[in-house]
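Listed below are the residues making up each chain.
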Amino acid sequence: MDRSQLRNIIESGRAIALDCHAIGKSIPADDPIGKLFQTDLLNKSILIKRFQPALATARQNVIVGTVVYFPYDFENPYDGGESIEFSGFGFPEMLMHKLSHGAGSPEMLERVKKDVETLSLIETMHSLDPFMFKSKAEQHEMDDEIHPAYFAIAKPEWDKIRLPIRDKIARLVEKALDGQESGQTDSARKRYIGRFLMKIWQARDIEGIEPFVKALQIAPEQAPEIFFAWKAVFYYQVRFKEIEEDLKALFLWIGNNQLCFPVNSLEMPEEQQNQILERRGRLRVKMREAHVEANQIITKYENSYDQFVNADNPQLFIEFLGNSASSYLSLAAHVSTATHCINLWKYYMTQFGAELRQQQFNELFDGLAMLNAVARMGGAGSEDFFID
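Residues numbered from 1 in each chain as written. Predicted model: local features only at pLDDT ≥ 70, side-chain atom pairs only at ≥ 80, totals over all residues. Heavy atoms only, no water.

(A) Quick peek at the overall build of the protein chain. Secondary structure summary: the protein chain contains 16 helices and 4 strands in total. A compact globule built from 388 residues would reach a C-alpha radius of gyration of about 21 Å, and the protein chain, at 23 Å, matches this within 12%. Taken over the C-alpha atoms alone, the protein chain extends approximately 80 × 55 × 40 Å along its principal axes. Classification of the 388 residues of the protein chain by burial places 50% in the buried group. Across the protein chain, contacts joining residues at least 24 apart in sequence account for 68% of those joining residues at least 6 apart. (Helix = DSSP H or I, 4+ residues; strand = E, 2+ residues; numbered from the N terminus. Rg over C-alpha atoms; globule rule 2.2 N^0.38 Å. Buried < 20%, exposed > 50% of the residue type's maximum accessible area, 1.4 Å probe, protein only. Contact = heavy atoms within 4.5 Å.)

(B) Quick look at the sheet that holds strand β4 (residues 81-86). Pairing is antiparallel in the open sheet, where 4 strands are placed in the order β1-β2-β3-β4. Sheet topology places β1 (17-19) and β4 at the edges, where each strand pairs with a single neighbour. On average, each strand axis in the sheet is tilted by 25° relative to the strand beside it, whichever way the strands run. Bridge count between β1 and strand β2 (residues 46-53): 3 bridges; the pairing is antiparallel. Bridging across to β2, leucine 18 finds its partner in leucine 47. On the sheet, helix α1 (residues 3-11) packs against β1, β2 and β3 (62-71) and is oriented at approximately 90° with respect to β1. (Pairing = 2+ DSSP bridges. Axes fitted to C-alpha atoms, helices over the stretch in contact; angles between N-to-C directions.)

(C) Here's a closer look at the nonpolar core. By size, the foremost hydrophobic cluster in this structure holds 122 residues, and its most contacted members are Phe212, Phe227, Trp230 and Trp253. A total of 13 residues in this core trace back to one element, the largest contributor, which is helix α15 (residues 324-352). (Core = buried A, V, L, I, M, F, W, Y, C linked by side-chain atoms within 4.5 Å.)

(D) Structural detail: the layout of surface pockets. Of the voids in this model, the largest pocket is the one considered here, and its volume is about 430 Å³. What lines the largest pocket is a set of 21 residues, and nearest its centre among them are Val62, Lys286, Ala290, Glu293 and Ala333. Broken down by secondary-structure element, the contributors of at least two residues to the lining of the largest pocket are β2, α12 (244-254), α13 (270-311) and α15. (1 Å grid on protein atoms, 1.4 Å probe; cavity = no way out; pocket = protein on both sides within 12 Å on 5 of 7 lines; lining within 4 Å. Points joined across faces, edges and corners; volume = space filled by probe spheres on them.)

(E) The arrangement of the environment of glutamate 117 in detail. Within the fold, glutamate 117 resides in helix α5 (residues 106-123). Residue glutamate 117 is classed as partly exposed on the basis of its relative accessible area, which comes to 43%. The spacing of glutamate 117 and phenylalanine 37 is 80 residues in sequence and 9.8 Å in space, taken between C-alpha atoms.

(F) Structural detail: the packing of aromatic side chains. Counting across every chain of the model gives 23 aromatic pairs. Judged by centre distance (6.4 Å) and plane angle (75°), the ring pair of phenylalanine 131 and tryptophan 201 falls under edge-to-face. Of this pair, phenylalanine 131 sits in helix α6 (residues 130-139) while tryptophan 201 sits in helix α9 (residues 186-202), placing them 70 residues apart in sequence. Classification of phenylalanine 131 by relative accessible area gives buried; the value is 1%. Measuring from ring centre to ring centre gives 6.4 Å for tyrosine 301 and phenylalanine 317, while their planes differ by 50°; the resulting arrangement is tilted. Taken together, the residues tyrosine 301 in helix α13 and phenylalanine 317 in helix α14 (residues 315-322) connect sequence positions 16 residues apart. Take phenylalanine 317: its relative accessible area is 0%, and that puts it in the buried class. The ring of tryptophan 201 has lysine 231 sitting right over it, with the charged end atom 4.2 Å from the ring centre. (Phe/Tyr/Trp six-rings, centres within 6.5 Å; stacked < 30°, edge-to-face > 60°. Lys NZ or Arg CZ within 6 Å of the ring centre and 35° of its normal.)

(G) A look at the confidence of the model for the protein chain. Looking at the protein chain, pLDDT values average 86 and 91% of them are 70 or higher. Across the protein chain, the secondary-structure element scoring lowest on mean pLDDT is α1, at 78, and the one scoring highest is α12, at 96. Low confidence marks residues 378-388, where pLDDT is under 50. Its contacts with residues over four positions away, or in another chain, come to 31 contacts. (pLDDT = per-residue confidence, 0-100.)

(H) Molecular detail of α14. Within the sequence span of α14, burial applies to Phe317, Ile318, Phe320 and Leu321. The arc enclosing the buried residues of α14, seen along the axis, measures out at 160°, which places them on a common side. Each element contacted by the buried residues of α14 is listed here: α8 (155-176), α10 (210-215), α11 (223-242), α13 and α15. (Arc of directions from axis to C-beta.)

(I) Expanded view of the state of the cysteines. The full count for this structure, using the stated rule, is 0 disulfides. Not engaged in a disulfide, the cysteine cysteine 341 finds its nearest cysteine sulfur in cysteine 260; these two sulfurs lie 12 Å apart. (Disulfide = S-S within 2.5 Å.)

(J) A look at the pattern of salt bridges. For the structure on display, the rule yields 20 salt bridges. Glutamate 107 is paired through a salt bridge with arginine 111; the nearest N and O atoms lie 2.7 Å apart. With glutamate 107 and arginine 111 both in helix α5, this residue pair falls 4 residues apart, about one helical turn. Overall, glutamate 107 belongs to the partly exposed group, its relative accessible area being 46%. Put simply, Lys155, Asp159 and Arg162 are held in one network by salt bridges that share partners. (Salt bridge = Lys/Arg side-chain N within 4 Å of Asp/Glu carboxyl O.)

Shown next, in the form of structure tokens:
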């Protein structure tokens, strides 16, 4: 990955990249919560979510990994660095080696252990989106331990997203529990529904909401993660709607044979032009397929929800919930990637205009292709985050 691609990944939004160093600098040294990690090196790192296609035989069609990128120059992260893939296995030893060449004190070992716990939480997330980060921290009761600067979401924005989701959950809870609160006063009924709503929103346990879990035919041990995935599908549906117009504009640019090609192409060798044309074709197919898949998931969800709430037919929604984790992963991958692509594309359109010369075009085009895992012909299919 060259420097322009690295800059584009880091700067094009929070869904994929979390610049711990930039955020940490805004937190005072005497802040009672402090920075995200216990070790200074991790607090100067950048966390990057990487989406890769899975094998055709895999249960999920997308693999999401967390890359910890360590810049050589913390104040200029675009000037190269090295990265470690976090998977929970072997990472503590690799981090200890970077910190002290493996000979760490007991106090350092404890700090690394604590940091691995935080990274493990982040590893469970399919994106670094502020709303989802805060939601995951709340689920694990860690939100009070993480400085609000890392969530980067103000209360009005949080409520703007949260309230419509809670409203849709409340409607479905009322439907699922229809008749079970008969004979109660209106205020008692609201409290009854509210208890179910809070449990589903927190997605921690099912104590006190067993009737709802049973009504939806959910295995009790799977309920918390299914509820979290359900909330995530709600959220990415909202985000998908928000980026719809920008995504259309991006698709129009990519689909335009004149605009999505260097304006000075006559100065380029024919072989190089053909390579762009071939890769552009694969990029168009990949982005179109991802967009269609996201729309299909949302349509399936909406249809199942409407059948339950409006037609007293819960079966489709029960089936959707059973596959909600896969739906969440696919939507997260598409919406996060699409959001970064939009931000990246807008930056180049603002800086250079719709018609780009070769250097600017290659930077943008390579960035879009990398985000969508469209390798060059003969490439390995993914880019490393190491820059010499």
